[in-house]
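So the chains spell out like this:
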Amino acid sequence: QVQVMESGGGLVQPGGSLRLSCTASGRTLRMYTMAWFRQTPGNEREFVAVSGRNGGSTDYADSVKGRFTISRDSAKQVMYLQMNELKPEDTAAYYCAVDSSLIWGLRGIPQHYDYWGQGTQVTVSS
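In short, a report on the structure. (Residues numbered from 1 in each chain as written. Predicted model: local features only at pLDDT ≥ 70, side-chain atom pairs only at ≥ 80, totals over all residues. Heavy atoms only, no water.)

### Some thoughts on the environment of Lys 76
Relative to the helices and strands, Lys 76 resides in the loop between strand 7 (68–73) and strand 8 (78–83). Placed 56 residues apart in sequence, Lys 76 and Leu 20 show a C-alpha to C-alpha distance of 14 Å. (Helix = DSSP H or I, 4+ residues; strand = E, 2+ residues; numbered from the N terminus.)

Here it is in structure tokens:
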């Protein structure tokens, strides 16, 4: 079974930056579609960003475009979410999601990802 782990969350002041990381066991990460979702209490899980299989395509939620960047480091076998210009409304639990056969049109739908991490909390506050 694929085991997914996120890290890098924490407390940051508005305007600051954090970099989240995600690893997944099994095949090399380039063989997976990998995505970030976030969730706040009482709300549904929200799509943030996705990196397609082999790292060829990316997509972002409108709320984070221009501020967040998803990337992969093939040497370290890690997927990153670089978050800049953080705002209080970015506060959420962030989850890494992984799938080996996701079709691109379903990339923003959490129910279509097979593997999930435990989440890492990001809090943006002064």
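### What about the packing of aromatic side chains?
Here the structure, examined in full by the defined rule, presents four aromatic pairs. Ring centres 6.2 Å apart and planes at 65 degrees place the aromatic pair Tyr 113 and Trp 116 in the edge-to-face group. We classify Trp 116 as partly exposed; its relative accessible area is 26%. Each residue in the set Phe 37, Phe 47, Tyr 113 and Trp 116 is aromatic and connected to the rest through ring pairs, giving one cluster. One residue, Arg 19, lies across the ring of Tyr 80, its end atom 4.2 Å from the ring centre. Its end group placed over the ring of Trp 116, Arg 45 keeps NZ or CZ at 4.8 Å from the ring centre. (Phe/Tyr/Trp six-rings, centres within 6.5 Å; stacked < 30°, edge-to-face > 60°. Buried < 20%, exposed > 50% of the residue type's maximum accessible area, 1.4 Å probe, protein only. Lys NZ or Arg CZ within 6 Å of the ring centre and 35° of its normal.)

### Some words on the pairing of strand 1 (residues 4–7)
Burial along strand 1 is one-sided: the face carrying Val 4 and Glu 6 is buried and the face carrying Met 5 and Ser 7 is not. As defined by bridge partners, strand 1 adjoins strand 3 (residues 18–24) across four bridges and the pair is classed as antiparallel. Across the sheet, Val 4 pairs through a bridge with Ala 24, a residue of strand 3. (Pairing = 2+ DSSP bridges.)

### Some words on the nonpolar core
The nonpolar side chains of a soluble globular protein tend to be buried, and buried together. Ranked by size, the top nonpolar core spans 36 residues in total, and within it Trp 36, Leu 81, Met 83 and Tyr 94 carry the most contacts. Elements with a minimum of two residues in this core: strand 3, strand 4 (33–39), strand 5 (46–51), strand 7, strand 8, strand 9 (92–99) and strand 11 (120–124). No other element matches strand 9, which puts five residues into this core. (Core = buried A, V, L, I, M, F, W, Y, C linked by side-chain atoms within 4.5 Å.)

### Re the state of the cysteines
Inspection of every chain in the model, using the stated rule, returns one disulfide. The partner cysteine of Cys 22 in its disulfide is Cys 96, sulfur to sulfur 1.9 Å. Judged by the sign of its S-S torsion, about -80 degrees, the bond between Cys 22 and Cys 96 is left-handed. Note that Cys 22 is positioned in strand 3 and Cys 96 in strand 9, a separation of 74 residues in sequence. When sorted by exposure, Cys 22 lands in the same class as Cys 96, which is buried. (Disulfide = S-S within 2.5 Å.)

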